[in-house]
Amino acid sequence: MLELDVGGERVLAGVRLVRTSEPTVEPTAFVVTGLRAEAKLSELLLVRRDDGDHVPELDEVRAAVERAGGEMQTFRAIKDYFAELFERGVAPMRLAADEERGKLNEMLRTSMTGGISRALTSELRGFLLKEETGLGDTLARMRANLEACSRTRSEVAESRRLEREITAIYEAGTEMFGATVHGAREAAAEAERDVERARPQLDEAMRAQRETALAIERLAARRGIVDAQLASAQAEHAAASRERERRSLPRQWARGSPRSSASSRA
């Protein structure tokens, strides 16, 4: 859609494209005139529903144009659309046919002698000496490309800086991990050496433990024998003591009898 100001008149020129079968596209050109100045294009070219904005059909665009006080004209052929724009002094025709070249010649003749529309007469200079915007567009694209290159260089520099920082952090982490692994290996090796040094002592201690256990067993066996001997000796001692006491009683009785007789005689 193009919004044009043709001699103070508001003109809308647009083309609606409809995809039919791949890759065919069917164009339908139209021109809108007579719109009020306060009419907004969004009210003409968008249909607002609950789920959002939608592109309207041509009938909906026509109804919106009529509500805005305008008139919409559609063209079955693009040639007729170009011809309408040409008649309004908007764009030159392709001049591919004799009729089109004749219209241009007629336009030039009437521009010299009069009889052409006031709008086209007032805009004849701009119509014939059309501003060449190619260089400006090229410069704008070059400026945009330069700005994009500058942004890209800044982004690349920032990416390189981040890469260096990340690389430094990664290298530091790798070195710390390597040092930790090396320390763990050294500690494991030292522990293995301590185990190797302690293994003979452990073997000696186990041997001494076994010998001590055997000695304890022998002493326990000997104690059993000694305990038995002691019990036997105590039994013999007790028996001997009883026998000694038994034998000592008659002697005492014998020694005591004469004394009894003497005293009785006395």
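Residues numbered from 1 in each chain as written. Predicted model: local features only at pLDDT ≥ 70, side-chain atom pairs only at ≥ 80, totals over all residues. Heavy atoms only, no water.

Considering the overall build of the protein
At step 1: Check the secondary structure of the protein and you find seven helices and six strands.
At step 2: In the protein, the succession of helices and strands from N to C terminus is β-β-β-α-β-β-α-β-α-α-α-α-α.
At step 3: Across the 266 residues of the protein, 14% fall into the buried class.
At step 4: For the protein, the accessible surface area stands at approximately 21100 Å², while carbon and sulfur atoms represent 55% of it. (Helix = DSSP H or I, 4+ residues; strand = E, 2+ residues; numbered from the N terminus. Buried < 20%, exposed > 50% of the residue type's maximum accessible area, 1.4 Å probe, protein only. Areas by Shrake-Rupley, 256 points an atom, 1.4 Å probe, with all protein chains shown as cover.)

Focus on the pattern of salt bridges
At step 1: In total, this model carries 18 salt bridges according to the counting rule given.
At step 2: A salt bridge links Arg193 to Glu190; the nearest nitrogen and oxygen atoms lie 2.5 Å apart. With a gap of three residues between them, Arg193 and Glu190 both fall in helix α7 (residues 134-265), about one helical turn apart.
At step 3: For Glu190, a relative accessible area of 34% translates into the label partly exposed.
At step 4: Notably, a salt bridge pairs Arg199 with Glu196, separated by 2.8 Å at the nearest N-O pair. With Arg199 and Glu196 both in helix α7 and three residues apart, the pair spans about one turn of that helix. (Salt bridge = Lys/Arg side-chain N within 4 Å of Asp/Glu carboxyl O.)

Overview of helix α3 (residues 78-87)
The α-helix advances 3.6 residues per turn, and as a result positions three or four apart in sequence lie on the same side.
At step 1: Inspection of α3 places Tyr81, Ala83, Glu84, Leu85 and Phe86 among the buried residues, and these make up the whole buried set.
At step 2: Directly after α3, the chain includes Gly89, whose backbone phi takes a positive value near 75 degrees.

Structural notes on the packing of aromatic side chains
At step 1: Under the criterion given, the structure shown has two aromatic pairs.
At step 2: Judged by centre distance (5.7 Å) and plane angle (45 degrees), the ring pair of Tyr81 and Phe82 falls under tilted. (Phe/Tyr/Trp six-rings, centres within 6.5 Å; stacked < 30°, edge-to-face > 60°.)

As for the sheet that holds strand β1 (residues 2-6)
Hydrogen bonds along the backbone pair up the strands of a sheet, which may run parallel or antiparallel.
At step 1: Taken together, the four strands give an open sheet; going across it, the order is β1-β2-β3-β6, and neighbouring strands pair in antiparallel fashion. Looking at which strands have only one partner, the edges of the open sheet turn out to be β1 and β6 (71-75). Adjacent strand axes in the sheet meet at a mean angle of 25 degrees when their direction is disregarded.
At step 2: Pairing between strand β2 (residues 9-19) and strand β3 (residues 25-33): nine bridges, direction antiparallel. Across the sheet, the residue bridging to Val15 is Ala29, located in β3.
At step 3: Where helix α2 (residues 58-67) meets the sheet, its contacts fall on β2, β3 and β6, and the angle it forms with β6 comes to roughly 150 degrees.
At step 4: Running over the sheet, α3 touches β2, β3 and β6 and is turned about 25 degrees from β3. (Pairing = 2+ DSSP bridges. Axes fitted to C-alpha atoms, helices over the stretch in contact; angles between N-to-C directions. Contact = heavy atoms within 4.5 Å.)

Focus on the nonpolar core
At step 1: In this structure, Leu12, Phe30, Val32, Leu35, Ala39, Leu44, Leu58, Val61, Ala64, Val65, Ala68 and Met72 together form the largest nonpolar core, which totals 12 residues.
At step 2: Per-element tally for this core: the top contributor is α2, with four residues.
At step 3: Setting aside anything within four residues of it in sequence, one finds Ala39 in contact with Arg10 and Ala68. (Core = buried A, V, L, I, M, F, W, Y, C linked by side-chain atoms within 4.5 Å.)

A look at α2
At step 1: For α2, every residue scored as buried is listed here: Leu58, Val61, Ala64 and Val65. End-on view of α2: buried residues confined to an arc of 120 degrees, all on one side of the axis. Pointing more than 90 degrees away from the buried face of α2 are the exposed residues Asp59, Glu66 and Arg67.
At step 2: Tucked into the core, α2 has its buried residues touching β2, β3, α1 (41-45) and β6.
At step 3: Gly69 sits one or two positions beyond α2 and adopts a positive phi of about 85 degrees. (Arc of directions from axis to C-beta.)

Notes on the confidence of the model for the protein
At step 1: Looking at the protein as a whole, the pLDDT averages 81, with 81% of positions reaching at least 70.
At step 2: The secondary structure element of the protein with the lowest average pLDDT is helix α5 (residues 118-122), at 54, and the one with the highest is β6, at 91. (pLDDT = per-residue confidence, 0-100.)

Let's talk about the pairing of β2
At step 1: In this structure, β1 lies alongside β2, joined through five bridges in antiparallel fashion. Its bridge partner being in β2, Asp5 is matched across the sheet by Arg10.
At step 2: Counted between consecutive antiparallel strands, the loop separating β1 from β2 contains two residues, among which Gly7 sits at a positive phi close to 60 degrees.
At step 3: Hairpin connection, β2 to β3: the antiparallel pair is bridged by five residues.

Considering the side chain of Glu84
At step 1: Structurally, Glu84 can be placed in helix α3.
At step 2: The buried category is assigned to Glu84, whose relative accessible area is 18%.
At step 3: One polar contact links Glu84 to Arg88, side chain to side chain, over a distance of 2.9 Å.
At step 4: If sequence neighbours within four positions are ignored, Glu84 has contacts with Val31, Gln73 and Phe75. (Polar contact = N/O pair within 3.5 Å; in protein donor to acceptor, adjacent residues only side chain to side chain.)

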